[in-house]
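A closer look at the structure
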Amino acid sequence: MAETARPTVAVFGAGSIGCHLGGALADVADVTLIGRAPAMDVLREHGLTISAAGRAPRRIGPDRLRLATGPDAAADADFVLITVKTAATAEAGRQLAPHLRSDAVVVSFQNGLHNPDTLRAELPGRTVLAGMVPYNVVQTGPGTVHQGMPGTLMVEQAAAVEELTRLCTAAGLPVEARADIREVQYGKLLMNLNNAVNALSGLPLREQLGLRAYRLCLALCQREALAAYRAAGVRPTRLGPVPAALTPYVLRLPDALFRRLAASTLDIDAHARSSMWEDLERGRPTEIDSLQGEIVALAARHGLPAPANACLTDLVHQAETAPDTLPWTGERLLQQLRSATRA
């Protein structure tokens, strides 16, 4: 590690998740947030406020953060946290490659399955590890990011990441090192299949998950995913209140029974929404191809159909360019997915 008074952390792709992680770590490390110029300008003006359900908001003044727009700002970092969207991962690696120290530890805190491998290809010789953020974080105001549900960060188990896990714990970010990080990623992907349903619904997560029609849409997607997992020999880690294989059955329960049996699933801030909803709201491309699209591709490799996931992929892509197609009621969306499945 560099001989500095405190560890140094660079967050590359400082959007909602990146600001959440970097803001929390600012108490225990020297943090550099690297992001788009307009976003960094907002932080220079307003500072960064991080909030979570049940906790008072905490403001980090701009004087306590290094704000940058170029990859050279990560040159001195002990740890580099990658939080860009999946489509930007390869380019992020290419931009960072000339600047990172040879002993820098790179951790991908991104959705999807392949980002760590993509980064390893662009950053040969450097330590690149997988990470997982189990909760949603969205921007709720200028310079303000909000964590909508509780959860524990997970990182790939390795000696190189021990100091980072210590920093996260000291910063109040629950974290767990996992030897089964690949299975964790598949378990997270199963949960993330709700991102598209939530984005199309336009509703807060707790309200959307409380309505059976939307849960039936998610159940259809998860059933296809689990079939593809079985064909691929994948056993996803249990991340929710019930084993992954049973989740589609629980989702199909009547609302009252679901609320009783899956109360922890609804332990969500009343205003929390998925990051995909935020992307559509802000007119940005989504990560649908790394979520539902990943299931479609995995199923196809094993000769299986995944019509519900394919249909949702198409609907989200339509919404990216035609936001007037939103929102979708649960009944209408379920009818669309069932029609695709029958076809």
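Residues numbered from 1 in each chain as written. Predicted model: local features only at pLDDT ≥ 70, side-chain atom pairs only at ≥ 80, totals over all residues. Heavy atoms only, no water.

Under the annotation held in an unreviewed UniProt entry, the protein carries the name 2-dehydropantoate 2-reductase and is attributed to Streptacidiphilus alkalitolerans. In its Catalytic activity (unreviewed entry) section, the UniProt entry covering the protein states "(R)-pantoate + NADP(+) = 2-dehydropantoate + NADPH + H(+)". Listed under Pathway (unreviewed entry) in UniProt, the entry text for the protein is "Cofactor biosynthesis; (R)-pantothenate biosynthesis; (R)-pantoate from 3-methyl-2-oxobutanoate: step 2/2." (UniProt positions renumbered as here; feature names shortened; annotations may be inferred.)

Now for the packing of helix α3 (residues 89-96) against helix α4 (residues 115-122). Taken N-terminus to C-terminus, the directions of α3 and α4 make an angle of 30 degrees; their axes are 8 Å apart at the nearest point. Overall, the two elements α3 and α4 adopt an arrangement that is roughly parallel. Handedness of the crossing formed by α3 with α4: right-handed. Counting all contacts with α3, which are made through T89, A90, G93 and R94, the residues of α4 involved are N115, T118, L119 and E122. The residue makeup of the contact of α3 with α4, split by class, is 2 nonpolar, 4 polar and 2 charged. (Axes fitted to C-alpha atoms, helices over the stretch in contact; angles between N-to-C directions. Helix = DSSP H or I, 4+ residues; strand = E, 2+ residues; numbered from the N terminus. Parallel < 35°, antiparallel > 145°, perpendicular 65-115°, else oblique. Left-handed = near helix turned anticlockwise from the far one by under 90°. Contact = heavy atoms within 4.5 Å. Nonpolar A, V, L, I, M, F, W, Y, C, P; charged D, E, K, R; others polar.)

This part takes up the packing of helix α7 (residues 194-201) against helix α9 (residues 212-232). Viewed as axis vectors pointing N to C, α7 and α9 meet at an angle of 145 degrees, and their least axial separation amounts to 9 Å. Relative to α9, α7 is oriented so that their crossing is right-handed. Here α7 contributes N194, V197 and S201 to the contact with α9, which in turn contributes Y214, C217 and L218. Tallied by class, the residues present in the contact of α7 with α9 amount to 4 nonpolar, 2 polar and no charged.

Taking a probe equal in size to a water molecule and rolling it over the atoms shows the remaining empty space. What the rule picks out here adds up to 1 cavity of 30 Å³ or more. Roughly 50 Å³ of volume is contained in the largest cavity. Lining of the largest cavity is provided by Q110, N111, G112, G131, M132, Q185, K188 and L189. Contributing elements (two or more residues each) for the lining of the largest cavity: β8 (127-132) and α6 (181-192). Top contributing element to the lining of the largest cavity by residue count: α6, with 3 residues. Of the residues in the lining of the largest cavity, the class split is 2 nonpolar, 5 polar and 1 charged. (1 Å grid on protein atoms, 1.4 Å probe; cavity = no way out; pocket = protein on both sides within 12 Å on 5 of 7 lines; lining within 4 Å. Points joined across faces, edges and corners; volume = space filled by probe spheres on them.)

The next subject is the nonpolar core. Across soluble globular proteins, nonpolar side chains show a tendency to be buried alongside one another. L25, L33, L81, Y229 and L333 are the most contacted members of the largest nonpolar core, which totals 91 residues. At 11 residues, α9 tops the list of elements feeding residues into this core. Contact partners of L33, with chain neighbours within four places excluded, come to V11, A14, G18, C19, G22, M40, L43, L48, L65, R66, L67 and A68. Of all hydrophobic cores here, the second largest spans 18 residues; its members include A10, L100, L119 and V128. (Core = buried A, V, L, I, M, F, W, Y, C linked by side-chain atoms within 4.5 Å. Buried < 20%, exposed > 50% of the residue type's maximum accessible area, 1.4 Å probe, protein only.)

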